[in-house]
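# Remarks on the overall topology
Residue-level listing of the chains:
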Amino acid sequence: MKIKLSILLIAVMIIGLIGGIGTYAWFSDRAVSSNNTFHAGTLTIDGDNTTEPSPLFKTSYGDGYYSNYDVGLWYPGKEILGTNCRNYTIENTGTLNAQISGLSAEITVFKKDSTDYLIENIDSWPEDVKQSYDEFVQNLSIVVTNIGSKYYEGTLKSLITDIQPLERSDGYVIMLNTTDMKRVNLNFGAVMSTEANNKIQGVSATVNIIIHASQEK
Amino acid sequence: MKKKVLLSVLLVGLLAFGAGMGTFAWFTDTATSNDNVFETGTLTIDDPGELTAQMTVDNIYPGWTSDEKEITVTNSGSIDFKYRISVEALTDNILYDGATPLQVKINDGAYVNINELGNVELGEITAADDTGTFNIQFKLPEAANNDYQNQSATFTFAFDATQTENDGWTE
């Protein structure tokens, strides 16, 4: 009987102890620091042809004022370089400093024998059209300079495949701040290699040229 | 026990760090010059037709000379070109490779044996000009003997055209 009572007493103590763990209390208080506001800046750039016609490259801009900018037809060896380059101004319109980081391109339409071929259907193009397309993008190069320094020279194929860095040979990149150095004038040229063969005769490509910017790194 | 807790805390810390490494991002934006058109030209030289058309080339004889004929060549493409003429070989034909073969004269050049014509450059035709001309004349040398009687040959002349900037003639 005494043992049973002892066991019962111990059991009650244990239960009481466990129950008691959830009922501890301490004096406490809280102070609040309000109105801490985090506001992200913006990184935005705008591009403009300024006084020149848009787009940068076009066979003919018509018979009017801009006819002097006509690129004409392309052929192996043709170049648009130096003083014939096209100007494109990039402006930092955001609140953060920006770095002109890269260049890429996309072809939206490829035309051969008066037929337009959309890029999204490239897998179903006739073989001769694919060959013309390959020959074209491998042999047309885009050149980007600024104040005589080259920031990029590479094939259209490279630009379509991936974003290519826009930087000088010494690693210098163009920075645009939000005050006195918020604009840069990039000069765009193009070259058709003399290696291009007859497969590119009579074709045309409609190309979007994309300039990439990122926050200062 | 303390060591086990410390190890657990360390492990949790490492996992958190590893997860954090894959989540770097930068603010970015783009500016696009849309709809740039790159259009290539075409280089096309038209077949000038039979050079001997309207030329009397039947019943020729030693000492015979044809009329001088002006041949018109057309640039029907959109790119200027330079062009040249040559003749395809005609094997085992006395009028081509006999001892006294047919001879041909291009523009102000001298008469040459037709099998020694090689490539003769004829100048340039711009896409704007559309056409160019050259003169051609034939003769059978007086030294051609009786072996040439009743012989005939049909010649094919080739016209190669290439961009004027091309230093050579190949593609």
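Everything here concerns the structure above.
A few points on the structure.

What counts and what doesn't
Residues numbered from 1 in each chain as written. Chains lettered and ligands numbered in written order. Predicted model: local features only at pLDDT ≥ 70, side-chain atom pairs only at ≥ 80, totals over all residues. Helix = DSSP H or I, 4+ residues; strand = E, 2+ residues; numbered from the N terminus. Contact = placed C-beta atoms within 7 Å. Pairing = 2+ DSSP bridges. Buried ≥ 20, exposed ≤ 12 C-beta atoms within 10 Å, placed from the backbone. Axes fitted to C-alpha atoms, helices over the stretch in contact; angles between N-to-C directions.

## Quick word on the overall build of chain B
- A tally of regular secondary structure across chain B gives 2 helices and 8 strands.
- The order of α-helices and β-strands along chain B, N terminus first, is α-β-β-β-α-β-β-β-β-β.
- For chain B, restricting intrachain contacts to residue pairs at least 6 apart in sequence, the fraction spanning at least 24 positions comes to 78%.

## Here we look at the interface of chain B and chain A
- Across the contact, 23 residues belong to chain B and 37 residues belong to chain A.
- At 12 residues, strand E1 (residues 28–39) of chain B tops the list of elements feeding residues into the side of chain B that touches chain A.
- As judged from the 10 bridges shared by strand E11 (residues 203–215) of chain A and E1 of chain B, these two strands associate in the antiparallel manner. Bridge pairing links His212 of chain A to Thr30 of chain B in E1 of chain B.

## Some words on the pairing of strand E10 (residues 183–192) of chain A
Residues and elements named next belong to chain A.
- Bridge count for strand E2 (residues 79–80) against E10 is 2 bridges, and the pairing is antiparallel. When the bridges of E10 are listed, Glu79 appears paired with Val191.
- As judged from the 6 bridges shared by strand E3 (residues 86–92) and E10, these two strands associate in the antiparallel manner. Bridging across to E10, Asn87 finds its partner in Asn187.
- One ladder, built from 6 bridges, connects strand E6 (residues 140–146) with E10; its direction is antiparallel. Considered in E10, the bridge of Val144 is made with Phe188.

## What to know about the sheet that holds strand E4 (residues 103–106) of chain B
All names here are of chain B.
- Strand order in the open sheet made by the 4 strands is E2-E7-E4-E5, with antiparallel pairing throughout. The sheet terminates laterally at strand E2 (69–74) and strand E5 (112–113), the two strands that pair on one side only.
- Across 2 bridges, E4 lies against E5 in antiparallel orientation. Looking at the pairing, Gln103 lines up with Asn113 of E5.

## Thoughts on unusual backbone geometry
- With omega at 0°, the peptide bond leading from Ser54 of chain A into Pro55 of chain A counts as cis.
- Mapped onto the elements, Pro55 of chain A comes out in the loop between strand E1 (45–48) and E2.
- Even without being glycine, Asp113 of chain A reaches a positive phi, approximately 50°.
- Topologically, Asp113 of chain A is positioned in the loop between strand E4 (98–112) and strand E5 (115–118).
- On the neighbour-count criterion, Asp113 of chain A (10 C-beta atoms within 10 Å) is exposed.
- Notably, Asp92 of chain B is not glycine yet its phi reads approximately 55°, a positive angle.

## Some details on the sheet that holds strand E8 (residues 157–163) of chain B
Residues and elements named next belong to chain B.
- One open sheet holds the 3 strands; their spatial order is E6-E3-E8, and the pairing between them is antiparallel. Edge positions in the sheet fall to strand E6 (120–125) and E8, since each has one partner strand and no second. Put simply, the sheet's adjacent strands are angled 25° from each other on average, direction ignored.
- Sheet topology note: the strand E3 (residues 81–87)/E8 ladder contains 7 bridges and is antiparallel. Residue pairing for E8: Phe81 is matched across the bridge by Gln163.

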